[in-house]
Amino acid sequence: MNLTKTLKATVAAAALALTAVPASAADIAVIAGSIEDGFFNLIKKGVDDATLVVEANGGSVNYLRTPNYDNFGPDLVNLINQAVAQGVDGIAIPVWVPEAQVPALQKAAEQGIKIMMYNSGLDVKEDIFGINYFGSDEFVAGEAGGRYMAEQGAQKILCHIHTPGAVNHEARCGGVEKGGTEAGAEVVILRTPANLDGDITGLAEAIKSELVADQSFDAVISLSASSADASTNAVQQIGAGDRVMVGAFDLSEAALNRIQAGTQKMAIDQLPYLQGFLATSMLAAHIDFGTELATDPVLTGPAIVDASNIETALAGVSAGAR
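Residues numbered from 1 in each chain as written. Predicted model: local features only at pLDDT ≥ 70, side-chain atom pairs only at ≥ 80, totals over all residues. Heavy atoms only, no water.

1. Some points on the overall build of the chain
When you go through the chain residue by residue, the secondary structure sums to 11 helices and 12 strands. Principal-axis analysis of the C-alpha atoms gives the chain an extent of 95 × 40 × 35 Å. Within the chain, the fraction of its 322 residues that count as buried is 52%. A sequence separation of at least 24 residues applies to 74% of the contacts in the chain between residues at least 6 apart. Taken as a whole, the chain presents about 13700 Å² of accessible surface, with 54% of it coming from carbon and sulfur. Put simply, the chain has 18 plus and 38 minus side-chain charges, and the middle of one group is 6 Å from the middle of the other. (Helix = DSSP H or I, 4+ residues; strand = E, 2+ residues; numbered from the N terminus. Buried < 20%, exposed > 50% of the residue type's maximum accessible area, 1.4 Å probe, protein only. Contact = heavy atoms within 4.5 Å. Areas by Shrake-Rupley, 256 points an atom, 1.4 Å probe, with all protein chains shown as cover. Lys, Arg positive; Asp, Glu negative; His and termini not counted. Charge placed at Lys NZ, Arg CZ, Asp CG, Glu CD.)

Shown next, in the form of C-alpha cells:
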C-alpha cells in the first residue's frame, strides 16, 4: 500500500472514531429567584449565553424560577426536588433560606449531583459540597455602601429589607450598619412584609411613613433596583429630594437614569450577568471535563456606580447585561 493511501485510510479511521465518541453531555438545572424579580433577567442573560456552550457539547440547561417570594423556602426545595427528579447532573443555585435548602441540597449531593453556587449562600458552601461560588460577599458589599453614603454626608441611614429572613439581604443591611456606623452615621433597619415585594406603591408608603415619622433620616439604601424605585418615589412624595439621598443594590436602566439625573446617589453592582454565565458554564465544564478554578470563591462585586462612571454602566444596561 502506498503512503498516500495509508494516510487517507488512517485519517478516515480517525474521523470514524471521533464520530463514535459521544459528546460531553452535562444536563444541569439553574435555579433562580422570583419570576416577578427583574434582577434575575440579568442572571438569565448570562445563563442563556453559557447555554450555547453547554449545548454545543451535547448538554442542556433548564432555568427554574420561583413564582414569587411568599413561600420562598418551600418553593426553592420544590425546585431542587424537581431538578433531582429530572435526573440532572448538576444544580447551580443560590442559598437564600439555608434551613430549607441545605438538607435538600445535601440529599442531591449524596446522589452524585454536583452543586455550584452563585449570588448567595457562601457561608454554607462546604455544608452542601459546593464546587465554587460566583457572586458578591453581601456583607462586604453592604459595608461599602454604608461607608459610601456616610462619606457623602449621611448622618442617619434607613436600610430597607424587602424580603426579611433572606440571608443575603440580612447580610447586606448588616454590612450597611457596620460600614455606616464606622464612618460616623447611625443606621436603622426597616423590614417590610415579603408579600410587598414588587409592590412599588406599597413599599413607597412603608418607607414614606418612616421618613415622615423621623425626619432626621437623610439617606435610604434599598436592596434591589425595584425597591429603589419605591424609595425614590417615597422621597419625592414628601418633597425631601434635597435632603434624603437614595442608594441601592443592583442596577436597572431606571436606577441609572436617576443617578444620571441626580435623584439617586449610587447603586452597588454585583454583575449578575457574570454570576449566571460563570455558574452555568463552570458547572458544565466541571461535569464534562473535570475542571475547577483555582480562585474560590470568585467575587463579582461590589462595584459602586455613581455619577463618576455612569456612562459605562448605562452601556452595559442597554446591552441587557447589567
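Past the structure itself, the notes keep going.
2. Structural notes on the sheet that holds strand β4 (residues 114–118)
Taken in spatial order, the six strands line up as β2-β1-β3-β4-β5-β11 in an open sheet, and their pairing is parallel. Each of the sheet's edge strands pairs with one partner strand only, and the pair in question is β2 (60–65) and β11 (298–301). Each strand of the sheet is rotated relative to its neighbour by a mean of 20°, with strand direction disregarded. Where strand β3 (residues 90–93) lies against β4, four bridges are found, and the strand directions are parallel. Its bridge partner being in β4, I93 is matched across the sheet by M117. Lying over the sheet, helix α2 (residues 39–56) contacts β1 (27–32), β2 and β4, oriented at roughly 165° with respect to β2. (Pairing = 2+ DSSP bridges. Axes fitted to C-alpha atoms, helices over the stretch in contact; angles between N-to-C directions.)

3. What about the environment of E177?
Relative to the helices and strands, E177 resides in helix α6 (residues 167–182). Judged by its relative accessible area of 34%, E177 falls in the partly exposed class. Non-local contacts of E177, meaning those with residues more than four positions away in its chain, are made with V187 and I189.

4. Digging into the packing of aromatic side chains
Under the counting rule described, the total for this entry stands at five aromatic pairs. Considering the side-chain rings of F40 and W96, the 5.6 Å spacing of their centres and the 90° angle between planes classify their relative orientation as edge-to-face. Of this pair, F40 sits in helix α2 while W96 is found in the loop between β3 and α4 (98–110), placing the two residues 56 residues apart along the sequence. Look at F40 and you get buried, because its relative accessible area is 3%. (Phe/Tyr/Trp six-rings, centres within 6.5 Å; stacked < 30°, edge-to-face > 60°.)

5. Quick word on the packing of helix α7 (residues 200–213) against helix α8 (residues 225–237)
Between α7 and α8, the least distance of the axes is 8 Å, while the angle of their chain directions is 50°. By the angle class used here, α7 and α8 are oblique. Considering how the two elements wind past one another, α7 and α8 form a crossing that is right-handed. Where α7 abuts α8, its residues I200, L203, A204, E205, I207, K208 and L211 lie against S226, S227, D229, A230, S231, N233, A234, V235 and Q237. Of the residues belonging to the contact of α7 with α8, the class tally is eight nonpolar, five polar and three charged. (Parallel < 35°, antiparallel > 145°, perpendicular 65-115°, else oblique. Left-handed = near helix turned anticlockwise from the far one by under 90°. Nonpolar A, V, L, I, M, F, W, Y, C, P; charged D, E, K, R; others polar.)

6. A word on the environment of T263
Position of T263 among the secondary structure elements: in the loop between α9 (253–261) and β10 (266–269). Taking the C-alpha atoms as reference, T263 lies 22 Å from R172; in sequence the two are 91 residues apart. Leave out the neighbours within four places in its chain, and T263 touches T232, Q236, V246 and R258.

7. Section: the nonpolar core
With 48 residues, the main nonpolar core has I31, F40, I91, I115 and Y118 as its most contacted residues. Sorting elements by how many residues they give to this core places helix α3 (residues 72–85) first, with six residues. Apart from residues no more than four positions distant in its own chain, I91 is found in contact with A29, I31, I80, A83, V84, A108, I113, K114, I115, M116 and L283. Counting 19 residues, the second-largest nonpolar core is a separate cluster that includes M149, C159, C173 and A185. (Core = buried A, V, L, I, M, F, W, Y, C linked by side-chain atoms within 4.5 Å.)

8. A look at the sheet that holds strand β8 (residues 219–222)
Judged by pairing direction, the sheet is mixed, and its six strands sit side by side in the order β7-β6-β8-β9-β10-β12 without closing on themselves. Each having just a single partner strand, β7 (186–191) and β12 (303–305) make up the two edges of the open sheet. With direction set aside, neighbouring strand axes in the sheet form an average angle of 20°. Here strand β6 (residues 156–161) pairs with β8 via four bridges, running parallel. Paired with C159 across the two strands is I221, which belongs to β8.

9. Focus: the state of the cysteines
Throughout the structure, instances matching the rule amount to one disulfide. The disulfide partner of C159 is C173, and the gap between their sulfur atoms is 2.0 Å. Across the S-S bond linking C159 and C173, the dihedral sits near -90°, which makes this disulfide left-handed. Of the two residues, C159 sits in strand β6 while C173 sits in helix α6, which places them 14 residues apart along the sequence. Here C159 falls in the buried class, since its relative accessible area comes to 0%. (Disulfide = S-S within 2.5 Å.)

10. Observations regarding α9
By the burial criterion, the buried members of α9 are A255, L256, R258 and I259. On an axial view of α9, the arc spanned by its buried residues comes to 155°, and they lie on one face. For α9, the secondary structure elements touched by its buried residues are α8, β10, β12 and α11 (310–318). Following α9 by one or two positions, G262 adopts a phi angle in the positive range, close to 90°. (Arc of directions from axis to C-beta.)

Fair warning: the whole summary comes from geometry, so function is off the table for now.
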